[in-house]
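# Results of the structural survey
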Amino acid sequence: MKRIVFITLGIIIMSSMSIFAQQKQKAIRDVEPAKTKTEVVKTTVQSTEVLSPFYTRTAKTFTDRQIRWVNSDCLFELNSKDIGGTGLHHIEYAIDDDPYQKYTTAFKLEKEGNRIIRFKGIDNSRNVEKAVLYQVYVDNTPPAVSVATDRELYKPGDYLYTSNKTKFYIAARDDESGSGVNQTYAGVSIDKMTARGTGISSETNFFKVADGVEGLHEFYFTAVDNVGNMAHIQKYNIIVDNTPPIVDIDKTTWINITAEGMVNDKDLQISKDATLIVPDPAGGPNSYFVNGNYQIGFKAVDPRIGPLDGSGVSAIYVKVNDENFIKYRGPIRFERNNTYKIIVKAEDNAGNLSDEITYNFNLDFISPSSNIIIKNTSGQRVE
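Position numbers for residues count from 1 along each chain, tracking the sequence in the order it is written. Side-chain atom pairs in this predicted model are given and counted only at pLDDT of 80 or more, local residue features only at pLDDT of at least 70, and totals for whole chains, interfaces and linings cover all residues. Only hydrogens and water are set aside; all other atoms, that is, all heavy atoms of the structure, feed into the side-chain values.

## Section: the overall build of the protein
Put simply, DSSP H or I for four residues or longer makes a helix, DSSP E for two residues or longer makes a strand, and each gets a number counted from the N terminus. Along the protein, the regular secondary structure elements total one helix and 27 strands. Under the scheme applied here, a residue whose accessible area is under 20% of the maximum for its type counts as buried, over 50% as exposed, and between as partly exposed, the area being computed with a 1.4 Å probe on protein chains only. Split into buried and exposed, the 383 residues of the protein put 41% on the buried side. Whether two residues are in contact is decided by their heavy atoms: any pair within 4.5 Å suffices. A fraction of 66% describes how many contacts in the protein between residues 6 or more apart in sequence connect residues 24 or more apart. The Shrake-Rupley method, run with a 1.4 Å probe, gives the accessible areas here. Residue values count only the displayed protein chains as cover. Summing over all exposed atoms, the protein offers an accessible surface of approximately 21,700 Å²; the carbon and sulfur share of this is 48%.

Printed below as a string of structure tokens:
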């Protein structure tokens, strides 16, 4: 009577990937400036799932119902049962194109990529099973991970500036032959990095660093693929700057001439203390009389954030009378209009825009008219 041998394959999974693991991840390094991507986002939703840096990969498999991926922590155990009566003699197996060998104990697949396991059972009466083929993809490579935002970021040195307007997301990509990104994580504490989704696939994956709280923060991020490979934890030193610049008239350039130049100008009999700009109380706040022969300049200062420097002024914008806002390039020369209405605003490198400040200038092109009066010693006018 012919005996039939059945073979089953079991994969011993040491444990499923644990969010809280036992061994500290040591590879922490600074990264290059964040890439940017413009996206319109409406909300920020944060998950309560937390990743600890005390993480170690464990045996894990993943399948998309067509391909099965494993990592090299997985043990492959071959099982066979003889139902014919004489009993199982042994199992033989081969990996990829290697020759068959006798199976004695569970084994691992260390080499990455597409792997083929061939195996067959042989009973005591030397009935040999037709070889069974089992295909897996071994993935030991973590995803590539970076930070992206919905607006351009400013990184002048060791610090990355942002504001509470900026939306972040963690961009992660796995190799084409990899198991795919399972989750990204980020947070201002390495002990509690929050799950942040799998990239730009949903606006709910966007978030604000430290919930937009102003100040200096250490920002950590990483990603894990579907078989538990975790990318190196990376870090930015981020300053959240929510304070806009302060706009004012630039008193060093408002007439585009130095004090010494005023004194040396043979046609301008004026002292070093002269300003050529006089407040106009009747005109309301920021209203002035000015000498229309000169120019007016503006400046903006970005306040410090406690002991930290602000992100710095990125640009000043001016709107003259009925024109549109343009980028301020330097002092504005007056024409022959009687009045000027100039609206000024400034933006810092973190994207904070100041309030608009309106200035009104009444131009004075008319020179004084002088005469002479003859009086006697009593102060009476003499005709």
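Here the narrative resumes.
## Quick notes on the nonpolar core
We call a set of buried Ala, Val, Leu, Ile, Met, Phe, Trp, Tyr and Cys residues a nonpolar core when their side-chain atoms join them within 4.5 Å. Judged by nonpolar contacts, the single largest core of 21 residues is most densely connected at Ile296, Phe298, Ile342 and Phe361. Contributing elements (two or more residues each) for this core: β18 (246-249), β20 (287-291), β22 (298-301), β23 (313-320), β26 (339-348) and β27 (357-364). Here the element with the most residues in this core is β26; it accounts for four residues. Residues in contact with phenylalanine 298, not counting those within four places in the same chain, are Asp248, Ile249, Asp250, Ile316, Val318, Tyr328, Ile332, Ile342, Val344, Tyr359 and Phe361. Grouped together as the second largest cluster of nonpolar side chains are 18 residues, Leu160, Ile170, Ala172 and Val209 included.

## Some words on the side chain of threonine 166
Checked against the element boundaries, threonine 166 lands in the loop between β12 (160-162) and β13 (168-173). Here threonine 166 falls in the buried class, since its relative accessible area comes to 1%. Each residue touching threonine 166, except ones within four places of it in the same chain, is listed here: Thr149, Asp150, Arg151, Leu153, Phe207, Lys208 and Ala350.

## Details of unusual backbone geometry
With the exception of glycine, most residues fall at negative phi, and the peptide bonds are largely trans. Of note, aspartate 96 is a non-glycine position whose phi angle comes to about 55 degrees, a positive value. The topology assignment puts aspartate 96 in the loop between β7 (88-95) and β8 (101-102). Located in the positive-phi region is arginine 126, a residue other than glycine, with phi close to 65 degrees. With a relative accessible area of 53%, arginine 126 lands in the exposed category.

## Some remarks on the sheet that holds strand β5 (residues 68-70)
What the six strands build is an open sheet, ordered β4-β5-β10-β9-β7-β8; its pairing is mixed. The sheet is open, and its two edges are formed by β4 (61-63) and β8, each paired on a single side. Paired strands, as defined in this entry, are two strands with at least two bridges between them according to DSSP. With two bridges connecting them, β5 and strand β10 (residues 132-138) associate as parallel partners. In the strand pairing of β10, tryptophan 69 is matched with tyrosine 137.

## Thoughts on the pattern of salt bridges
Side chains that differ in charge, positive against negative, can pair when their charged atoms come close. By definition here, a salt bridge exists when the distance from a side-chain nitrogen of Lys or Arg to a carboxyl oxygen of Asp or Glu is within 4 Å. Summed over the entire model, instances satisfying the criterion amount to five salt bridges. When the shortest N-O distance is used, the salt bridge between glutamate 218 and lysine 235 registers 3.7 Å. Note that glutamate 218 is positioned in strand β16 (residues 215-225) and lysine 235 in strand β17 (residues 233-240), a separation of 17 residues in sequence. Among the ionic pairs, arginine 304 bridges to aspartate 309, the shortest N-O distance being 2.3 Å. Taking relative accessible area as the criterion, arginine 304 reaches 47% and is therefore assigned partly exposed.

## Re the sheet that holds β23
Taken together, the six strands give an open sheet; going across it, the order is β19-β20-β27-β26-β23-β24, and neighbouring strands pair in mixed fashion. With one partner strand each, in any of the chains shown, β19 (277-279) and β24 (326-327) form the two edges of the open sheet. As paired elements, β19 and β20 share three bridges and run antiparallel to each other. Across the sheet, the residue bridging to valine 278 is phenylalanine 289, located in β20.

## Notes on the confidence of the model for the protein
A residue-level look at the protein finds 79% of positions with pLDDT of 70 or above and a mean pLDDT of 81. On a range of 0 to 100, pLDDT expresses the predictor's confidence in each residue. Put simply, strand β2 (residues 28-30) is where the protein has its lowest mean pLDDT, 26, and β5 is where it has its highest, 98. Low pLDDT (under 50) marks residues 1-48, which in the prediction has 143 contacts with non-local residues, meaning those over four places away or in another chain. A low-confidence stretch, residues 266-274 (pLDDT under 50), is modelled with nine contacts involving residues beyond four sequence positions or located in other chains.

## A few points about the side chain of asparagine 226
Topologically, asparagine 226 is positioned in the loop between β16 and β17. For asparagine 226, the side chain forms a polar contact with the side chain of asparagine 182, separated by 3.1 Å. Apart from the residues within four sequence positions on either side, asparagine 226 is in contact with Lys60, Thr61, Phe62, Ser179, Gly180, Val181 and Asn182. Here a polar contact is taken to be a pair of N or O atoms separated by no more than 3.5 Å, where protein atoms must pair a possible hydrogen donor with a possible acceptor and residues adjacent in sequence count only if both atoms sit in side chains.

## Notes on the packing of aromatic side chains
Paired rings are identified among Phe, Tyr and Trp, the last through its six-membered ring, by centres lying within 6.5 Å, and are further divided according to the angle between planes into stacked (under 30 degrees), edge-to-face (over 60) and tilted (the rest). A full pass over the atoms with the stated rule returns 19 aromatic pairs. Ring centres of tyrosine 93 and tyrosine 103 lie 5.9 Å apart, and the angle between their planes is 80 degrees; on these two criteria the pair is classed as edge-to-face. Of this pair, tyrosine 93 sits in strand β7 while tyrosine 103 sits in the loop between β8 and β9 (113-123), and the two are ten residues apart along the sequence. Here the basic side chain of lysine 120 rests over the ring of tyrosine 100, its NZ or CZ set 4.2 Å away from the ring centre. In this scheme, Lys NZ or Arg CZ marks a charge over a ring once it lies within 6 Å of the ring centre and within 35 degrees of the ring normal. Taking the ring centre of phenylalanine 325 as reference, the NZ or CZ of lysine 345 above it sits at 4.2 Å.

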